[in-house]
Amino acid sequence: MPTAYKMRDSSSVALTTAQNLLRRLQNTVPRGAPFDTRTLKELGISSALASYYIKSGWIKRLGRGVFCFPNDRLNQEYCIKLLGGAFDGLHVGGKTALAWQGYRHNIATRERIVLWGKDRARLPAWFTAEFPARYVSKQLFSSALPAGFGLQPLPEQPNGPLVSVPERALLELLSEIGQGEGIEEARHIFETLRSLRGDVLTTLLQHCETVKVNRLCVKWAAELGLPWADIAREAARDNLGRGRWSGKLRDGSRLNLPA
């Protein structure tokens, strides 16, 4: 570390303190992980000292209140986990959650990450510059659904970000058809989901308030002969609405779903 550390106290004691705190930061934060002002504060690093670290090249500012170590290649999962502290209910959802658990149709070179959250917000520029992503905020389920139901880290990443289980991710995918997702690809992915857990799917469908999602789930499961088709129909029967449902898609076409 440079010996030019000068704040209110330029003594060797202040320099040693700065060195020790930097070492603690380096030992606490994994390489590739961003960290925020809360982490710095918990380690006893003041904003003035953080500014000194930045000027000295020991840490790098990514955005407002977010930092990383210079020359680090940011880790996607660490970054999403950090965002979870700023976005209420943030989790990996929809097509991305399904792909991370082995359910996919096309393999894109660099597919956009789908993140879900409760509130309307915008992903920070430092994140989207590194990881192509889009953020979705929809009230898909009733408030009676227990908080966090169907959200958990992947088994191989127990300390990683929250990810929708396949049953929840499927319904999130259906909700985005015609908006962020295409019908054909969504149906191909849907067809691969043959071993969903009936109890989990039942709970989610009973709390799903979107007619489009419920009808698509029931309709496609029956048409594709999926083993859980009858479970889906029974679970969603009170949330299918009445009459024909019709919605305009982003490309101008219409999706028609009979009762």
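Located above this text is the structure these notes cover.
Basis of the calculations
- Residues numbered from 1 in each chain as written.
- Predicted model: local features only at pLDDT ≥ 70, side-chain atom pairs only at ≥ 80, totals over all residues.
- Heavy atoms only, no water.
- Helix = DSSP H or I, 4+ residues; strand = E, 2+ residues; numbered from the N terminus.
- Polar contact = N/O pair within 3.5 Å; in protein donor to acceptor, adjacent residues only side chain to side chain.
- Contact = heavy atoms within 4.5 Å.
- Salt bridge = Lys/Arg side-chain N within 4 Å of Asp/Glu carboxyl O.
- Buried < 20%, exposed > 50% of the residue type's maximum accessible area, 1.4 Å probe, protein only.

Undergrad: How would you summarise the side chain of Glu-181 if you had to cite specific residues and measurements?
TA: With respect to the helices and strands, the residue Glu-181 is situated in the loop between α7 (166–175) and α8 (183–192). Separated by 2.5 Å, the side chains of Glu-181 and Arg-134 make a polar contact. Excluding residues that lie within four positions of it along the chain, Glu-181 makes contacts with Lys-95, Val-114, Arg-134, Leu-173 and Glu-176.

Undergrad: So what's going on with the pattern of salt bridges? Which residues, and what values?
TA: On inspection of all chains with the given rule, the structure shows 11 salt bridges. Put simply, Arg-134 and Glu-176 hold a salt bridge, and the shortest N to O gap is 2.6 Å. Pair noted here: Arg-134 is in strand β6 (residues 133–136) and Glu-176 is in the loop between α7 and α8, with a separation of 42 residues, a long-range link. Judged by relative accessible area, Arg-134 falls into the buried class, the value being 14%. The exposure class assigned to Glu-176 is buried, which follows from its relative accessible area of 4%. A cluster of three or more residues bridged by salt bridges with shared partners is formed by Lys-95, Arg-134, Glu-176, Glu-181 and Glu-185.

Read these as layout, nothing more, since geometry by itself doesn't imply function.
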